[in-house]
Amino acid sequence: MVSEPMNNIVCPKCGKSTTKLFHGRCKECFLENFTLAEIAPVMHAKLCPTCGARNVKNKWVDHGSLEEIVIRTVEDALFVHEMAEDIEVYIEPRAQTPYLYKVHIEVDALLLDEMFHQELKTEVRVIRESCDMCSRISGGYFEAILQIRATNRIPSDEEKQECINIAGSVLERLINKGDRLAFISSSLELKEGTDLYVGSSNAARHICKEITSHLGGSFSESASLQGMKDGKDIYRITFSLRLPEFMPQDIIDHKGRIIEIRKFSKNVTGIDVETGARFTATPEEINGATLIAKRKDLPKTMLVAIENEDLMVLDPDTYETVTVRKPVMFSADPGTEIPVVKTEKGLLAIADL
Ligand SMILES: [Zn+2]
Ligand SMILES: [Zn+2]
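Just so it is clear, the structure is predicted and the values come from calculations on it, not from any experiment. (Residues numbered from 1 in each chain as written. Chains lettered and ligands numbered in written order. Predicted model: local features only at pLDDT ≥ 70, side-chain atom pairs only at ≥ 80, totals over all residues. Heavy atoms only, no water.)

(A) Layout of empty space enclosed by the protein. The tally for this structure, following the rule as stated, stands at 1 cavity of 30 Å³ or more. Approximately 40 Å³ is the volume attributed to the largest cavity. For the largest cavity, the full set of lining residues is Val273, Glu274, Arg325, Lys326, Pro327, Leu348 and Ala349. The residue inventory of the lining of the largest cavity, partitioned by class, reads 4 nonpolar, no polar and 3 charged. (1 Å grid on protein atoms, 1.4 Å probe; cavity = no way out; pocket = protein on both sides within 12 Å on 5 of 7 lines; lining within 4 Å. Points joined across faces, edges and corners; volume = space filled by probe spheres on them. Nonpolar A, V, L, I, M, F, W, Y, C, P; charged D, E, K, R; others polar.)

Structure representation (C-alpha coordinates):
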(Lines give C-alpha, C1' and ligand atoms only; values in the text may rest on other atoms or scores of the structure.)
(Ligands and ions follow the chains in the order given, each with its own letter.)
Protein backbone atom coordinates (compact mmCIF):
# COMPACT_ATOMS: atom_id res chain seq x y z
CA MET A 1 0.00 0.00 0.00
CA VAL A 2 1.37 3.45 -1.04
CA SER A 3 1.04 6.06 1.65
CA GLU A 4 0.18 9.70 0.98
CA PRO A 5 3.06 12.18 1.33
CA MET A 6 3.54 13.02 4.96
CA ASN A 7 2.21 16.42 5.82
CA ASN A 8 3.54 16.65 9.29
CA ILE A 9 7.28 17.42 8.93
CA VAL A 10 8.15 20.40 11.08
CA CYS A 11 10.73 22.95 10.01
CA PRO A 12 13.34 23.06 12.78
CA LYS A 13 13.93 26.78 12.12
CA CYS A 14 10.47 28.34 11.98
CA GLY A 15 8.35 25.50 13.39
CA LYS A 16 5.85 25.48 10.49
CA SER A 17 4.75 22.12 9.15
CA THR A 18 5.83 21.33 5.61
CA THR A 19 5.94 18.44 3.11
CA LYS A 20 9.63 18.55 2.26
CA LEU A 21 12.85 19.82 3.80
CA PHE A 22 15.68 21.48 1.83
CA HIS A 23 19.05 21.19 3.59
CA GLY A 24 17.03 20.65 6.80
CA ARG A 25 14.70 23.64 6.37
CA CYS A 26 11.32 24.42 4.87
CA LYS A 27 11.41 26.08 1.45
CA GLU A 28 10.90 29.62 2.83
CA CYS A 29 13.65 29.26 5.43
CA PHE A 30 15.98 27.65 2.89
CA LEU A 31 15.52 30.42 0.35
CA GLU A 32 15.94 33.13 2.99
CA ASN A 33 19.65 32.68 3.32
CA PHE A 34 20.98 30.63 0.47
CA THR A 35 23.49 31.99 -2.04
CA LEU A 36 22.87 31.31 -5.70
CA ALA A 37 26.39 32.11 -6.88
CA GLU A 38 29.78 32.86 -5.40
CA ILE A 39 33.14 33.94 -6.74
CA ALA A 40 36.53 34.80 -5.28
CA PRO A 41 37.17 38.55 -5.09
CA VAL A 42 40.51 38.34 -6.96
CA MET A 43 41.68 35.84 -9.57
CA HIS A 44 44.79 35.35 -11.65
CA ALA A 45 44.91 34.35 -15.31
CA LYS A 46 48.18 33.22 -16.85
CA LEU A 47 48.49 34.13 -20.50
CA CYS A 48 51.22 33.48 -23.03
CA PRO A 49 52.02 36.81 -24.70
CA THR A 50 53.31 35.09 -27.85
CA CYS A 51 50.55 32.65 -28.80
CA GLY A 52 47.69 33.62 -26.47
CA ALA A 53 47.46 30.25 -24.70
CA ARG A 54 45.91 30.20 -21.23
CA ASN A 55 47.17 28.24 -18.27
CA VAL A 56 44.53 26.20 -16.47
CA LYS A 57 45.62 24.14 -13.46
CA ASN A 58 49.24 24.14 -14.59
CA LYS A 59 48.37 23.10 -18.14
CA TRP A 60 48.54 25.39 -21.12
CA VAL A 61 45.34 25.17 -23.11
CA ASP A 62 43.07 27.16 -25.34
CA HIS A 63 43.88 30.32 -27.20
CA GLY A 64 41.80 33.44 -27.43
CA SER A 65 41.69 37.17 -27.03
CA LEU A 66 42.53 38.65 -23.66
CA GLU A 67 38.84 39.29 -23.00
CA GLU A 68 37.85 35.72 -23.87
CA ILE A 69 40.52 34.46 -21.51
CA VAL A 70 39.28 36.70 -18.70
CA ILE A 71 35.73 35.43 -19.31
CA ARG A 72 36.84 31.78 -19.26
CA THR A 73 38.82 32.34 -16.06
CA VAL A 74 35.68 33.73 -14.42
CA GLU A 75 33.50 30.90 -15.78
CA ASP A 76 35.91 28.31 -14.38
CA ALA A 77 35.88 29.91 -10.92
CA LEU A 78 32.19 30.78 -10.67
CA PHE A 79 30.29 28.61 -8.22
CA VAL A 80 26.55 28.25 -8.84
CA HIS A 81 24.34 26.37 -6.34
CA GLU A 82 24.00 22.72 -7.32
CA MET A 83 20.19 22.81 -7.10
CA ALA A 84 19.89 25.68 -9.60
CA GLU A 85 18.45 24.97 -13.02
CA ASP A 86 18.18 26.93 -16.30
CA ILE A 87 21.29 28.87 -15.32
CA GLU A 88 22.16 31.93 -17.35
CA VAL A 89 25.43 33.72 -16.73
CA TYR A 90 26.38 37.13 -18.06
CA ILE A 91 30.01 38.17 -17.68
CA GLU A 92 31.23 41.66 -18.56
CA PRO A 93 34.98 42.30 -18.25
CA ARG A 94 36.17 45.90 -18.13
CA ALA A 95 39.87 46.51 -18.72
CA GLN A 96 41.39 48.87 -16.15
CA THR A 97 44.91 48.32 -17.45
CA PRO A 98 46.19 45.63 -19.86
CA TYR A 99 46.95 43.63 -16.73
CA LEU A 100 43.83 44.22 -14.68
CA TYR A 101 40.18 43.54 -15.45
CA LYS A 102 37.21 44.39 -13.26
CA VAL A 103 34.44 41.93 -14.01
CA HIS A 104 30.72 42.33 -13.49
CA ILE A 105 28.75 39.08 -13.33
CA GLU A 106 25.00 38.45 -13.39
CA VAL A 107 23.49 35.03 -12.74
CA ASP A 108 19.87 34.10 -13.40
CA ALA A 109 18.60 30.68 -12.43
CA LEU A 110 15.53 28.71 -11.46
CA LEU A 111 15.49 27.12 -8.03
CA LEU A 112 12.48 25.43 -6.43
CA ASP A 113 10.23 26.98 -9.10
CA GLU A 114 11.42 30.48 -8.36
CA MET A 115 13.64 32.72 -10.51
CA PHE A 116 16.67 34.16 -8.79
CA HIS A 117 18.96 36.94 -9.89
CA GLN A 118 22.34 37.75 -8.41
CA GLU A 119 25.06 40.24 -9.25
CA LEU A 120 28.70 39.68 -8.36
CA LYS A 121 32.01 41.45 -8.84
CA THR A 122 35.52 40.16 -9.18
CA GLU A 123 38.90 41.22 -10.41
CA VAL A 124 41.12 39.27 -12.83
CA ARG A 125 44.84 39.99 -12.78
CA VAL A 126 46.58 38.88 -15.97
CA ILE A 127 50.06 37.43 -15.61
CA ARG A 128 52.04 37.17 -18.83
CA GLU A 129 54.25 34.13 -19.02
CA SER A 130 55.75 32.24 -21.97
CA CYS A 131 53.87 28.94 -22.43
CA ASP A 132 55.53 25.52 -22.71
CA MET A 133 55.25 25.55 -26.51
CA CYS A 134 56.60 29.08 -27.03
CA SER A 135 59.47 28.60 -24.62
CA ARG A 136 60.37 25.38 -26.40
CA ILE A 137 60.22 27.03 -29.82
CA SER A 138 62.39 29.93 -28.67
CA GLY A 139 64.79 27.44 -27.06
CA GLY A 140 65.12 25.55 -30.36
CA TYR A 141 63.53 22.39 -28.96
CA PHE A 142 62.88 19.56 -31.41
CA GLU A 143 62.25 15.81 -31.32
CA ALA A 144 62.49 15.10 -35.01
CA ILE A 145 64.45 16.25 -38.03
CA LEU A 146 62.54 16.11 -41.29
CA GLN A 147 64.89 15.98 -44.27
CA ILE A 148 63.28 17.06 -47.52
CA ARG A 149 65.18 15.54 -50.42
CA ALA A 150 64.45 14.24 -53.91
CA THR A 151 65.50 11.03 -55.65
CA ASN A 152 68.54 11.53 -57.95
CA ARG A 153 68.07 15.28 -58.08
CA ILE A 154 67.81 18.38 -55.91
CA PRO A 155 64.29 19.54 -54.97
CA SER A 156 63.31 22.81 -56.66
CA ASP A 157 62.57 25.96 -54.68
CA GLU A 158 58.86 25.62 -55.60
CA GLU A 159 58.75 22.05 -54.30
CA LYS A 160 60.48 23.00 -51.07
CA GLN A 161 58.06 25.88 -50.59
CA GLU A 162 55.12 23.57 -51.28
CA CYS A 163 56.42 21.10 -48.68
CA ILE A 164 56.72 23.92 -46.13
CA ASN A 165 53.18 25.11 -46.95
CA ILE A 166 51.84 21.57 -46.48
CA ALA A 167 53.75 21.29 -43.19
CA GLY A 168 52.19 24.57 -42.04
CA SER A 169 48.64 23.38 -42.66
CA VAL A 170 49.30 20.01 -40.97
CA LEU A 171 50.73 21.78 -37.91
CA GLU A 172 47.76 24.12 -37.73
CA ARG A 173 45.40 21.15 -37.77
CA LEU A 174 47.38 19.39 -35.01
CA ILE A 175 47.57 22.54 -32.85
CA ASN A 176 43.80 22.92 -33.14
CA LYS A 177 43.50 19.34 -31.90
CA GLY A 178 45.59 20.27 -28.85
CA ASP A 179 49.03 18.97 -29.88
CA ARG A 180 51.29 21.52 -28.25
CA LEU A 181 54.45 20.04 -29.79
CA ALA A 182 53.22 20.62 -33.33
CA PHE A 183 55.70 23.30 -34.34
CA ILE A 184 58.83 23.84 -36.40
CA SER A 185 61.50 25.44 -34.23
CA SER A 186 63.96 26.03 -37.06
CA SER A 187 64.82 25.07 -40.61
CA LEU A 188 68.11 24.67 -42.38
CA GLU A 189 68.75 25.22 -46.09
CA LEU A 190 71.25 22.74 -47.50
CA LYS A 191 72.62 22.10 -50.97
CA GLU A 192 70.64 18.84 -51.21
CA GLY A 193 67.38 20.08 -49.70
CA THR A 194 65.84 21.49 -46.53
CA ASP A 195 65.89 20.20 -42.94
CA LEU A 196 62.95 21.03 -40.69
CA TYR A 197 63.34 20.74 -36.91
CA VAL A 198 59.96 19.58 -35.63
CA GLY A 199 58.66 19.63 -32.05
CA SER A 200 57.30 16.07 -32.07
CA SER A 201 57.93 12.99 -34.14
CA ASN A 202 54.16 12.51 -34.37
CA ALA A 203 53.84 15.89 -36.08
CA ALA A 204 56.78 15.11 -38.39
CA ARG A 205 55.17 11.79 -39.38
CA HIS A 206 51.88 13.53 -40.19
CA ILE A 207 53.74 16.07 -42.34
CA CYS A 208 55.58 13.29 -44.25
CA LYS A 209 52.31 11.44 -44.93
CA GLU A 210 50.62 14.58 -46.19
CA ILE A 211 53.53 15.62 -48.43
CA THR A 212 53.90 12.16 -50.02
CA SER A 213 50.16 11.92 -50.63
CA HIS A 214 50.26 15.29 -52.46
CA LEU A 215 53.62 15.15 -54.23
CA GLY A 216 54.41 11.43 -54.33
CA GLY A 217 57.68 9.96 -53.12
CA SER A 218 58.23 8.10 -49.88
CA PHE A 219 59.72 8.50 -46.41
CA SER A 220 61.49 6.43 -43.81
CA GLU A 221 62.29 7.09 -40.17
CA SER A 222 65.19 6.15 -37.97
CA ALA A 223 65.85 6.81 -34.29
CA SER A 224 69.15 7.67 -32.69
CA LEU A 225 69.82 7.76 -28.96
CA GLN A 226 70.66 11.29 -27.82
CA GLY A 227 71.22 10.68 -24.12
CA MET A 228 69.24 10.38 -20.92
CA LYS A 229 66.85 12.70 -19.16
CA ASP A 230 65.19 11.90 -15.82
CA GLY A 231 66.30 8.27 -16.16
CA LYS A 232 64.71 7.91 -19.60
CA ASP A 233 66.46 7.43 -22.93
CA ILE A 234 66.00 10.40 -25.21
CA TYR A 235 65.69 9.57 -28.89
CA ARG A 236 65.80 11.86 -31.83
CA ILE A 237 63.95 10.67 -34.89
CA THR A 238 65.14 11.48 -38.38
CA PHE A 239 62.52 11.41 -41.13
CA SER A 240 64.06 11.03 -44.53
CA LEU A 241 61.55 12.24 -47.11
CA ARG A 242 62.31 11.58 -50.77
CA LEU A 243 60.31 13.39 -53.39
CA PRO A 244 59.94 11.44 -56.63
CA GLU A 245 62.65 11.57 -59.27
CA PHE A 246 60.32 13.09 -61.86
CA MET A 247 57.71 15.83 -61.63
CA PRO A 248 54.62 16.60 -63.70
CA GLN A 249 55.61 18.07 -67.09
CA ASP A 250 58.97 16.34 -67.06
CA ILE A 251 59.70 14.69 -70.42
CA ILE A 252 61.53 11.44 -69.86
CA ASP A 253 63.02 8.60 -71.86
CA HIS A 254 61.61 5.35 -70.49
CA LYS A 255 63.02 2.33 -72.33
CA GLY A 256 63.06 4.26 -75.59
CA ARG A 257 59.57 5.76 -75.17
CA ILE A 258 59.32 9.52 -74.77
CA ILE A 259 56.82 10.22 -71.99
CA GLU A 260 55.58 13.48 -70.57
CA ILE A 261 54.73 12.93 -66.88
CA ARG A 262 51.32 14.25 -65.86
CA LYS A 263 51.04 12.92 -62.31
CA PHE A 264 53.55 11.31 -60.00
CA SER A 265 52.22 9.81 -56.76
CA LYS A 266 51.39 6.17 -55.92
CA ASN A 267 51.04 5.71 -59.66
CA VAL A 268 52.67 7.52 -62.50
CA THR A 269 50.55 8.72 -65.37
CA GLY A 270 51.67 10.47 -68.51
CA ILE A 271 51.34 10.88 -72.26
CA ASP A 272 53.45 9.17 -74.90
CA VAL A 273 54.78 12.22 -76.76
CA GLU A 274 55.07 10.36 -80.11
CA THR A 275 51.71 8.57 -80.16
CA GLY A 276 49.56 10.55 -77.73
CA ALA A 277 48.75 7.28 -75.90
CA ARG A 278 48.11 7.37 -72.17
CA PHE A 279 50.92 6.00 -70.06
CA THR A 280 50.63 4.47 -66.57
CA ALA A 281 53.26 2.76 -64.46
CA THR A 282 54.33 2.37 -60.86
CA PRO A 283 57.20 4.56 -59.61
CA GLU A 284 59.36 1.40 -59.41
CA GLU A 285 58.68 0.55 -63.05
CA ILE A 286 60.19 3.79 -64.28
CA ASN A 287 63.34 3.44 -62.20
CA GLY A 288 66.22 4.06 -64.56
CA ALA A 289 64.32 6.40 -66.88
CA THR A 290 66.18 9.58 -67.78
CA LEU A 291 65.04 13.17 -67.89
CA ILE A 292 65.19 14.72 -71.36
CA ALA A 293 63.76 18.14 -70.50
CA LYS A 294 61.18 19.98 -68.47
CA ARG A 295 58.27 21.40 -70.46
CA LYS A 296 58.98 24.93 -69.21
CA ASP A 297 62.59 24.72 -70.49
CA LEU A 298 61.73 23.44 -73.98
CA PRO A 299 62.81 25.53 -76.97
CA LYS A 300 59.99 27.12 -78.96
CA THR A 301 59.99 27.14 -82.69
CA MET A 302 57.88 28.48 -85.56
CA LEU A 303 54.97 26.36 -86.73
CA VAL A 304 55.10 26.94 -90.48
CA ALA A 305 52.12 24.89 -91.64
CA ILE A 306 49.74 22.07 -90.75
CA GLU A 307 49.08 19.36 -93.33
CA ASN A 308 46.63 16.71 -92.20
CA GLU A 309 48.45 14.79 -89.45
CA ASP A 310 51.78 16.52 -90.02
CA LEU A 311 53.28 19.75 -88.79
CA MET A 312 55.93 21.73 -90.64
CA VAL A 313 58.21 23.38 -88.11
CA LEU A 314 61.59 25.06 -88.13
CA ASP A 315 64.37 23.09 -86.49
CA PRO A 316 65.41 25.48 -83.66
CA ASP A 317 69.09 24.78 -84.30
CA THR A 318 69.39 24.62 -88.10
CA TYR A 319 66.27 26.65 -89.08
CA GLU A 320 65.50 24.00 -91.71
CA THR A 321 61.89 23.03 -92.18
CA VAL A 322 61.14 19.59 -90.74
CA THR A 323 57.98 17.52 -90.76
CA VAL A 324 56.83 16.21 -87.41
CA ARG A 325 53.78 14.28 -86.39
CA LYS A 326 50.88 16.34 -85.05
CA PRO A 327 50.17 15.46 -81.40
CA VAL A 328 46.69 14.17 -80.54
CA MET A 329 45.85 17.20 -78.43
CA PHE A 330 47.01 20.16 -80.44
CA SER A 331 45.45 23.55 -81.08
CA ALA A 332 48.20 25.98 -82.19
CA ASP A 333 47.82 27.90 -85.45
CA PRO A 334 50.44 28.24 -88.20
CA GLY A 335 52.58 31.33 -87.70
CA THR A 336 52.78 30.83 -83.90
CA GLU A 337 55.54 29.27 -81.86
CA ILE A 338 55.21 25.83 -80.32
CA PRO A 339 57.39 23.87 -77.88
CA VAL A 340 59.42 21.02 -79.35
CA VAL A 341 61.78 18.46 -77.88
CA LYS A 342 64.90 17.05 -79.49
CA THR A 343 65.25 13.32 -78.92
CA GLU A 344 67.20 10.44 -80.40
CA LYS A 345 64.14 9.92 -82.58
CA GLY A 346 64.43 13.43 -83.96
CA LEU A 347 62.31 16.48 -83.27
CA LEU A 348 58.93 15.93 -81.57
CA ALA A 349 56.09 18.40 -81.07
CA ILE A 350 54.51 18.57 -77.63
CA ALA A 351 50.77 18.28 -77.08
CA ASP A 352 48.71 20.94 -75.28
CA LEU A 353 48.54 20.57 -71.52
ZN1 LIG B 1 11.02 27.12 8.12
ZN1 LIG C 1 52.69 30.45 -26.25
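Back to the text.
(B) Main features of the coordination of the zinc ion (ligand 1). The zinc ion (ligand 1) binds to the protein through Cys11 (SG), Cys14 (SG), Cys26 (SG) and Cys29 (SG); the donor distances cover 2.3 Å. One chain supplies every donor for the zinc ion (ligand 1), spaced along it as C-x2-C-x11-C-x2-C. According to the relative accessible area criterion, Cys26 is buried, its value standing at 3%. (Donors = N, O, S within 2.8 Å, 3.2 Å for Na, K, Ca; no water. Buried < 20%, exposed > 50% of the residue type's maximum accessible area, 1.4 Å probe, protein only.)

(C) Quick peek at the pairing of strand β22 (residues 310-314). Bridge count between strand β21 (residues 300-307) and β22: 4 bridges; the pairing is antiparallel. The partner of Glu307 across the bridge, within β22, is Asp310. Linking two consecutive strands that pair antiparallel, namely β21 and β22, is a turn of 2 residues; a positive phi of about 50° is found at Asn308 within it. Two elements, β22 and strand β23 (residues 321-325), share 5 bridges in a ladder whose sense is antiparallel. Looking at the pairing, Met312 lines up with Thr323 of β23. In textbook terms, the turn of a hairpin is the stretch between consecutive antiparallel strands, and for β22 and β23 this stretch comprises 6 residues, one of which, Tyr319, has a positive phi near 60°. (Pairing = 2+ DSSP bridges. Helix = DSSP H or I, 4+ residues; strand = E, 2+ residues; numbered from the N terminus.)

(D) Spotlight on the packing of aromatic side chains. One pass over the structure, following the stated rule, counts 5 aromatic pairs. With centroids separated by 5.6 Å and ring planes inclined at 25°, the aromatic side chains of Phe30 and Phe34 adopt a geometry described as stacked. Residue Phe30 is classed as buried on the basis of its relative accessible area of 6%. The class for Phe34 is buried, based on a relative accessible area of 14%. Judged by centre distance (4.7 Å) and plane angle (80°), the rings of Phe142 and Tyr197 are edge-to-face. In this pair, Phe142 sits in the loop between α3 (132-138) and β11 (144-150) while Tyr197 sits in strand β13 (residues 193-198), placing the two residues 55 residues apart along the sequence. Each member of the pair, Phe142 as well as Tyr197, carries the same accessibility label: buried. Pairwise contacts between aromatic rings join Phe22, Phe30, Phe34 and Phe116 into one cluster. Residue placement shows Arg136 over the ring face of Tyr141; its charged tip is 4.6 Å from the ring centre. (Phe/Tyr/Trp six-rings, centres within 6.5 Å; stacked < 30°, edge-to-face > 60°. Lys NZ or Arg CZ within 6 Å of the ring centre and 35° of its normal.)

(E) Layout of the side chain of Gln118. As for its position among the elements, Gln118 is in strand β10 (residues 114-128). Polar contacts involving the side chain of Gln118 include one to the main-chain amide nitrogen of Ala37, which spans 2.9 Å. Once residues lying within four places of it in the same chain are set aside, the contact partners of Gln118 are Thr35, Leu36, Ala37, Ile105, Glu106 and Val107. (Polar contact = N/O pair within 3.5 Å; in protein donor to acceptor, adjacent residues only side chain to side chain. Contact = heavy atoms within 4.5 Å.)

(F) Molecular detail of unusual backbone geometry. Its identity is not glycine, yet Asp86 carries a phi of approximately 50°, on the positive side. Checked against the element boundaries, Asp86 lands in strand β8 (residues 85-97). On the accessibility criterion, Asp86 (57% relative accessible area) is exposed. A positive phi angle, near 50°, is found at Lys255, a position not held by glycine.

(G) Main features of the coordination of the zinc ion (ligand 2). In the first shell of the zinc ion (ligand 2), the protein supplies Cys48 (SG), Cys51 (SG), Cys131 (SG) and Cys134 (SG), at 2.3 Å from the metal. Around the zinc ion (ligand 2) sit 4 donor atoms, and with donor-metal-donor angles ranging over 106 to 114° the site reads as tetrahedral. Look at where the donors of the zinc ion (ligand 2) fall in the sequence and you get C-x2-C-x79-C-x2-C. Of the two residues, Cys51 is situated in the loop between β4 (42-47) and β5 (53-56) and Cys134 in helix α3; the sequence distance between them amounts to 83 residues. Judged by its relative accessible area of 8%, Cys134 is buried. (Tetrahedral: all angles 85-135°; square planar, octahedral: opposite > 155°, others 65-115°.)

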